[in-house]
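# Analysis of the macromolecular model
As a plain string of letters, each chain reads:
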Amino acid sequence: TCPTCAVEEHDAPVSDARFKPFEIRYDEDKTEFTLFDSDGGERISSITDFEDVSYVCSPYLPQCLRPVSGSGGPKGRAFSDFSKLAHLSKGGVDTMLEENTFNVLLSGLRILSSQYLVNGPNEVNALHEKLSLHASREELKSGQAGLVSAHVDHSPASATFDVAMSGMCALFPMDYVRSKMANFESKVYLPEDPGVVQLENFGIHVHANGEVIFGVRVESVMSYVKDNLPVDLIARLVFDLHEDSASTLESISSAHQRLLMSSLFKKTTRVALPPDINRMSTFGGNNAADLGLARSESKPVKTTMTRFLSQKLFGSTEYTKVYNKVDAVDEYDSPEVVTNSSGGEDMIPAKYQFNMFTAFLVDNIEPKVPVHDLLDGEDAENDISQIVGRINDAADLPDGGVVVSGEKGLIVSGEIGKKFEQLIMVHTSVMSRRIFVSTFFHRLYEMEADIDSIQEAISSHIGKPSGLAEIRRRVMEACKQASLLDSLLTQAQATSSDMPDISAATAIEGQSDPAYAIMLETLHTTEYRDELIVRLKDLESLLQCARLGLSSLRENTDVISEMQMFKLQESLQSNTRNLESLFRSNESASSSLEIMQLVIGGSLGFTILDRVTGEWSLLDTEWGRSFFTNFVDPPGVWFVISMLFFVVIVITLQFAMRSMLRRASADMCMRYSLHVGINVQAMRRMLRRHELFSEEADTDIEGNNMYKVSWHEPAEDYGGSPLKVEISVDQGHARLCTLNLKYNRQDGQMSVPEVQDRFFKELVDAGVVVNVAELGGLVRPAERPAEENERAAKDVQWSKARLKMLRSKASQRTKFKNTEQERLVRMSQPN
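This text gives an overview of the structure that appears in the document. (Residues numbered from 1 in each chain as written. Predicted model: local features only at pLDDT ≥ 70, side-chain atom pairs only at ≥ 80, totals over all residues. Heavy atoms only, no water.)

One finds L109, I111, V221, F360, I384, F440 and M519 to be the most contacted residues of the largest nonpolar core, which totals 115 residues. Of the residues forming this core, the biggest block, 15 residues, is contributed by helix α9 (residues 421-459). Other than its neighbours up to four places away in sequence, M519 contacts L397, V412, I416, F420, L423, I424 and H524. One finds Y672, I678, V725 and F760 within the second-largest nonpolar core, a separate group that totals 31 residues. (Core = buried A, V, L, I, M, F, W, Y, C linked by side-chain atoms within 4.5 Å. Buried < 20%, exposed > 50% of the residue type's maximum accessible area, 1.4 Å probe, protein only. Helix = DSSP H or I, 4+ residues; strand = E, 2+ residues; numbered from the N terminus. Contact = heavy atoms within 4.5 Å.)

What follows is the structure, given as structure tokens:
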């Protein structure tokens, strides 16, 4: 449900002429509101439907934004003038849902929208190269420069780039100063509803300090030409201008700029960036330029109005080579679908949100009343609030005009707006930066909320083994966003030193005009500018706090990993103990099986003898009958003899089993992972001296040649027990990879270090190991002779005796010194 939503009055379900409460739900995927009334009815709200109006606008930029003589940029290029085409909006239609009452009218309207874009000298210099700002008007007319495609050229080596005209931009260079600023005129070709006429070219100013200004002069809106333009219609016009200017800004900005600016918003669209993402094919055979991405539309738009405007803009029907034989086609109402020749689907990033501050400079405002009557809190003030936002301050100007300062814009009427354009431009730039700083500040709060959410997930991770991967992913994403915000803030602080300020000429001119002081007092430009420096420093400390929170999250995640690893190790140890018990049981069962095999074998032998001898028994012999008479006939004697015989057999079997188990448990296994260099030929010579009982070779197509072999070392060389050896050799790289030794300490008399020293000494003596140093501490130095050991023992004893003597002398000296001190003390005391 949506707790707070602005819905038109006609959207509310009405029954029996009475308003009833209703529930509002918002669908993020469809970006629409659904209304549910108490009777179970539902319908889609029309509050999100756009209302388009027809209008004609000419590009415009104040003279204070144009470079002066000697700046190094070309001059004399004038913006297009569409004042003669103002009547075209009368023939257009609108998509407004209801009739409006116009309360405030503006005459001679000029609109200047400012937005902050993270920028710098290198970005501006790259923009010069991208947009070919040195191109001539003739090159633009012939289609050899200035056209920007919204699609990605996946075949940059191709001589052509077929793409629909919809979504393209035409750029006309006006002024430029390398690595500092650029002024150009832009035309965006976007589809509109049938019958809607929107002729708009922008004047765009881009500065290295991050200042971006879009300017237009409104020639007409619907049937209103030049003067008495209703504010209610201007509000719809401004929305279209913001949308189209944001699309243009997104097109000309680099991938790095788009990435940094998109970090200000929590929910962003994932963008697929191929290797040639920043490449655009200009038409007419020019080289590729890095233009990035822009908004695209799926259907091409070809209307008679488009062709007519193209003749006015480019001076020729052959304004582009996007469509084949465009000069021969006259039926523009039947669209020809043209697809990208690469066949790939372009991934377009989310559009810039409209964080713009807009200045409205007008010649006259109606009704022409004092500002306190204009801002009456009723319809007139509501109309003005549509375009400037919440009103902060307002004042009357000496020439009869007014100045209204709002949260999202300002209105200046009269000649003061022309006289102090430089002050107004500084104010719009400062206010757009304030919007940027406020957005950054709120983004930090969103990041804090994300950190708290991740912390809750960490706290409740027990019982969710698969949740650690999701936690790590969220932590990595948060760290990435923090890094982007850090880069964005760093660049914003770097450009704050070059923030626009009121020029000395404007200040000197304003000293003699009381309107200048009124505007300064109303706009608070200087206070806002100084405030920005402080807020940027505060943002740095807040971002550092967020980074500390992320560091804590990473530590907590590591703790979770360590806990899981600890539990895994405990589980492995428990399983290992169970496996050891199982192995011991198997060894016991194996020993029992061996004894049973012997017993069964003996029984089989006796059975065979019985078969051979037939009916023979002991009673057939004299001594057998005597034994039977003496030991079997007497009562209980044969029972005692049987039990004694049973006890002897059982004890013998138990002794045999325990002996076998002790021998099996006495095996010592030594495993080594060496990877030391060896001499393969020497190893083969050593193997020839042994009887091998296991060989295995493993070779693949990559040239790896692994050789595994096992043999027994003689028992006499290892203290009475044979040594089982198993090695793994990489013959291709001549490396001894692994070594396994198995020795029975019950049969033999050597310890693990002795077995190790003996075998590795054999490898070294045989020349198998090339560099003995690679074995490290596995080869211990030879033991010293007995005489040397005796001499070392005598030295130790002499050292101990000398130490004891020195300690005794020191004790005696200390005792003598104490005695002398006591004697001196007694002598110094009076009797």
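Still to come is the rest of the account.
Across the 8 residues that make up strand β22 (residues 692-699), only a small minority, 0, are buried. Note that β22 and strand β23 (residues 705-713) share 7 bridges and pair antiparallel. Across the sheet, the residue bridging to D698 is M706, located in β23. Hairpin connection, β22 to β23: the antiparallel pair is bridged by 5 residues, and G703 has positive phi, about 95°. (Pairing = 2+ DSSP bridges.)

Taken together, D373, D376, E378, D379 and D396 make up a surface patch of like negative charges. Mapped onto the elements, E378 comes out in the loop between α6 (371-374) and α7 (379-388). (Patch = residues over 30% accessible without salt bridge, like charges linked within 9 Å, V, L, I, M, F, W, Y side chains within 5 Å. Areas by Shrake-Rupley, 256 points an atom, 1.4 Å probe, with all protein chains shown as cover. Salt bridge = Lys/Arg side-chain N within 4 Å of Asp/Glu carboxyl O. Lys, Arg positive; Asp, Glu negative; His and termini not counted. Charge placed at Lys NZ, Arg CZ, Asp CG, Glu CD.)

In this section: the packing of aromatic side chains. One pass over the full model with this rule turns up 9 aromatic pairs. Ring geometry for Y672 and F760: centres 5.4 Å apart, planes at 90°, overall edge-to-face. A residue pair is termed long-range when its members are at least 10 positions apart, and Y672 in strand β21 (residues 667-677) and F760 in helix α17 (residues 752-765) qualify at 88 residues. Taken as a pair, Y672 and F760 share a single burial class, namely buried. The structure contains a cluster of three or more aromatic residues connected by ring pairs, namely Y116, F436 and F440. Over the ring of F36 we find R25; its NZ or CZ atom is 4.7 Å from the centre of that ring. The lysine or arginine in question, R758, covers the ring of Y718, its NZ or CZ lying 5.5 Å from the ring centre. (Phe/Tyr/Trp six-rings, centres within 6.5 Å; stacked < 30°, edge-to-face > 60°. Lys NZ or Arg CZ within 6 Å of the ring centre and 35° of its normal.)

Our next topic: a nonpolar patch on the surface. Taken together, the side chains of F639, V640, M643, L644, F646, V647, V650 and I651 present a nonpolar region at the surface, about 760 Å² in accessible area. With respect to the helices and strands, the residue F646 is situated in helix α15 (residues 637-665).

As a further point, take the pattern of salt bridges. Inspection of every chain in the model, using the stated rule, returns 16 salt bridges. Here R25 makes a salt bridge to E23, at a shortest N to O gap of 3.1 Å. When its relative accessible area of 41% is taken as the criterion, R25 is described as partly exposed. One salt bridge in this structure joins R110 and D363, with 3.4 Å as the shortest N-O distance. Of this pair, R110 sits in strand β8 (residues 110-116) while D363 sits in the loop between β16 (357-362) and β17 (364-366), placing them 253 residues apart in sequence. Taking relative accessible area as the criterion, R110 reaches 7% and is therefore assigned buried. Its relative accessible area of 36% is what places D363 among the partly exposed residues. Through salt bridges that share partners, D81, R217 and E219 make up one connected network.

This paragraph deals with the sheet that holds strand β7 (residues 105-107). Read from one edge to the other, the open sheet built from 3 strands follows the order β15-β7-β17, with strand pairing classed as antiparallel. The open sheet has two edge strands with one neighbour each: β15 (229-230) and β17. When β7 meets β15, the two strands line up antiparallel, connected through 2 bridges. Paired with L105 across the bridge in β15 is P230.

None of this, on its own, says anything about what the molecule does.
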